[in-house]
Amino acid sequence: MTPENVTPPKPNEINLDNHPCFNREACSSHGRIHLPVAPKCNIQCNYCNRDFDCVNESRPGVTSTILSPGQALVYLEKIMEKRDDIAVVGIAGPGDPFANPNETMETFRLVRERFPSMILCLSTNGLGLTEEYVKELAELQVSHVTITMNGVDPKIAGQVYAWARHDKRIFRHEKAGALMIEKQLQAVSWIKKYGMIAKVNSIIVPGVNDEHLEEIAKTVSSMGADIMNCIPLLPTKDTVFENYPEPDAKMRFAARIKCGEYMNQMTHCARCRADAIGKLSEPMADDVHELIQSCSRLPINPKQDRPYVAVATREGMLVNQHLGEARNFTIFKVDPEDEEEFIAFEKRDAPPLGGRDDRWADLAVTLKDCRAVLVNAAGMAPKEALKAAGIQVIEMAGMIDAGLSHLFHGEELPPSLKREFKSCGKGVTCGGDGTGCG
Ligand SMILES: C[S@@+](CC[C@H](N)C(=O)[O-])C[C@H]1O[C@@H](n2cnc3c(N)ncnc32)[C@H](O)[C@@H]1O
Ligand code: SF4
Ligand code: SF4
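Worth saying up front: this structure is predicted, and the values here are computed from it rather than measured.

(A) Local environment of the overall build of the chain. When helices and strands are counted, the chain shows eleven helices and 18 strands. Here the C-alpha atoms of the chain give a radius of gyration of 23 Å, agreeing with the 22 Å that 2.2 N^0.38 yields for 438 residues. Sorting the 438 residues of the chain into buried and exposed places 45% on the buried side. In the chain, the proportion of contacts linking residues at least 24 apart, taken out of those at least 6 apart, comes to 70%.

Okay, structure coming up:
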């Protein structure tokens, strides 16, 4: 399971005392960075609203961009060149790390290989965690794993989760609560089995679980969980709990005192963004915001040599074909004589229609030296298949040169040219071939 090129550091090379969330004294000297590599979620909590592209809000679930594992490593390298106080790399969304397990595990592998003494941690709802993942996390010396648990009674937990998706089924209400509790307790026991620090986050939701937190503490402490973080609900727009009151100081204090009878309590959580960086509560500086944005415009695998970009175009000036309708792709590169110019030097045939998933796998091979493909639109299935093969799918309309400047020189794609294909909502797997699903 662990790739051969990963050499986990010796335990004494990582100073766990430097984690500012687990050691209040480290707050003034050390910071953490969250890498936003996990956009999807497998459940919907009634308090959570995940926003991308948002710079102004500081709360969980918000990020200004999403990074691939390779982009995240470049971003981290650049941050580490700028500052020497970052002791922790965490993955906390904006969705769930184990609704995006490949991205999560790959990010940890890359970071561990490059920064052997970095503290690694993550926060998950527990649903997608498997023993295999927990084992590899331990091998990579991820030291702190947080499981967010809002109840140990299905009736109470079921009020917090709108739905949970597991094994291609959707669970709601009490059934969602029961499923989540089972998975979360299992996750805590694996984390302890493999020797990691287990933190339990519980969101204090007035009138729902404020009287029940003690039961959670009692249950998880008996399983060996190390620390609990009772986080006050932050009422958030466009969520079921948006009009619930934020727990006052009395409720927060009471929760921590009652739970504190069973286990250590964290009291200084800053309810951070999924792309938080620096000391706890430090706002994201403008230059860091620009840096993370520019890293998100790098090729998916920035360290791979992919010198070309493929374009779905009829006449060679405009991006004007859907991925599925293009019979061929025009391949562009930077003009070696003039870095500002681009040269179309080849046409490559698209794989024949039909064959669905095979077709996208074949296309990934055809475009294996391309960092991206510019198209008018593409469905989820081809986007996922190409992304997994390291090829970014950029949906846009208009001049090809604008897309190429974006990809080769990191220039912002004008919003007027951006397009985003939305599925029809019929719940079928969309081939995105522009021919409709009938
Ligand atoms: C955005 S989640 C991402 C990680 C993972 N999906 C999870 O739930 O643990 C990070 C943390 O923020 C918490 N959170 C999300 N929305 C919140 C809100 N409105 N108020 C308080 N905590 C919130 C989650 O419960 C979780 O503990
Ligand atoms: S599991 Fe985490 S990311 Fe998913 S809805 Fe709940 S809080 Fe949000
Ligand atoms: S959300 Fe809380 S536990 Fe997570 S990094 Fe911020 S302060 Fe630490």
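(B) Spotlight on the site of ligand 3. Close contacts around ligand 3 come from Cys21, Arg32, Gly90, Ala92, Asn229, Cys269, Ala270, Arg271, Cys272 and Leu280, and that covers them all. Here the shell around ligand 3 is built from residues that sort into six nonpolar, two polar and two charged.

(C) Inspection of the sheet that holds strand 6 (residues 161–166) at higher detail. Ordered by their spatial adjacency, three strands build an open sheet running 2-6-7, and the pairing between neighbours is antiparallel. Pairing within the sheet leaves two strands with one partner each, and these edge strands are strand 2 (43–45) and strand 7 (169–171). Here the average twist between neighbouring strands, direction ignored, is 20°. Where strand 6 meets strand 7, three bridges bridge the pair, whose relative direction is antiparallel. The residue of strand 7 that forms the bridge with Arg165 is Ile170.

(D) Examining the nonpolar core more closely. In this structure, Leu120, Val142 and Val145 are the most contacted members of the largest nonpolar core, which totals 83 residues. The greatest single-element share of this core, amounting to eight residues, is contributed by helix 5 (residues 173–193). If we skip the residues at most four places from it in the chain, Leu120 touches Val89, Phe108, Val111, Arg112, Leu140, Gln141, Val142 and Ser143. Ranked by size, the runner-up nonpolar core spans 35 residues in total, among them Val309, Ala364, Ala385 and Ile391.

(E) The arrangement of the environment of Pro352 in detail. You can see Pro352 is positioned in the loop between strand 15 (342–349) and helix 9 (356–366). For Pro352, a count of 10 C-beta atoms within 10 Å gives the class exposed. Between the C-alpha atoms of Pro352 and Ile119, which are 233 residues apart in sequence, the distance is 48 Å.

(F) Region of interest: the packing of helix 1 (residues 69–82) against helix 2 (residues 101–114). Following both chains from N to C, one finds helix 1 and helix 2 inclined at 35°, their axes separated by 9 Å at the closest point. For the crossing formed where helix 1 meets helix 2, the hand is right-handed. Between helix 1, through Pro69, Ala72, Leu73 and Leu76, and helix 2, the contact on the second element is made entirely by Glu103, Glu106, Thr107, Leu110, Val111 and Arg114. By residue class, the composition of the contact of helix 1 with helix 2 is six nonpolar, one polar and three charged.

(G) Layout of the site of ligand 1. Pro60, Gly93, Asp96, Thr148 and Leu234 are the nearest of the 18 residues found near ligand 1. For the shell around ligand 1, the elements supplying multiple residues, two or more each, are strand 4 (119–124) and strand 8 (197–204). For the shell around ligand 1, the class distribution of residues is eight nonpolar, eight polar and two charged.

(H) Just the sheet that holds strand 1 (residues 31–34), in detail. Spatially, eight strands are ordered 10-9-8-5-4-3-1-11 in an open sheet, and the strand pairing comes out mixed. The sheet is open, and its two borders are formed by strand 10 (264–265) and strand 11 (277–278), each paired with just one other strand. Where strand 3 (residues 86–91) and strand 4 come together, four bridges link them in parallel fashion. Each residue of the ladder has a partner; that of Val89, found in strand 4, is Leu120. Packing of helix 7 (residues 249–260) onto the sheet brings it into contact with strand 8, strand 9 (227–232) and strand 10, and relative to strand 9 it is tilted by some 165°.

(I) Fine view of the confidence of the model for the chain. Summary statistics for the chain give a mean pLDDT of 88 and a share of 91% for residues scoring 70 or more. Predicted confidence is poor over residues 422–438, with pLDDT under 50, and the contacts of this stretch with residues over four places away or in other chains come to 29 contacts. On the interface metric, ipTM, the complex scores 0.97, and its pTM is 0.80.

(J) Representation of helix 2 within the structure. The terminal C-alpha atoms of helix 2, which comprises 14 residues, lie 20 Å apart, in line with the 20 Å expected from a rise of 1.5 Å per residue. Residues Glu103, Thr104, Met105, Thr107, Phe108, Val111 and Arg112 constitute the buried set of helix 2. Lining the buried residues of helix 2 we find helix 1, strand 3, strand 4, helix 3 (131–139) and strand 5 (142–148).

(K) Quick peek at the environment of Ala178. Tracing the chain through its elements places Ala178 in helix 5. The exposure class assigned to Ala178 is partly exposed, which follows from the 17 C-beta atoms found within 10 Å. Distance from Ala178 to Asp153, taken between C-alpha atoms, is 7.4 Å for residues 25 residues apart in sequence.

Criteria and thresholds
- Residues numbered from 1 in each chain as written.
- Chains lettered and ligands numbered in written order.
- Predicted model: local features only at pLDDT ≥ 70, side-chain atom pairs only at ≥ 80, totals over all residues.
- Helix = DSSP H or I, 4+ residues; strand = E, 2+ residues; numbered from the N terminus.
- Rg over C-alpha atoms; globule rule 2.2 N^0.38 Å.
- Buried ≥ 20, exposed ≤ 12 C-beta atoms within 10 Å, placed from the backbone.
- Contact = placed C-beta atoms within 7 Å.
- Near = placed C-beta within 6 Å.
- Nonpolar A, V, L, I, M, F, W, Y, C, P; charged D, E, K, R; others polar.
- Pairing = 2+ DSSP bridges.
- Axes fitted to C-alpha atoms, helices over the stretch in contact; angles between N-to-C directions.
- Core = buried A, V, L, I, M, F, W, Y, C linked by C-beta atoms within 7 Å.
- Left-handed = near helix turned anticlockwise from the far one by under 90°.
- pLDDT = per-residue confidence, 0-100.
- Expected span 1.5 Å × (residues − 1).

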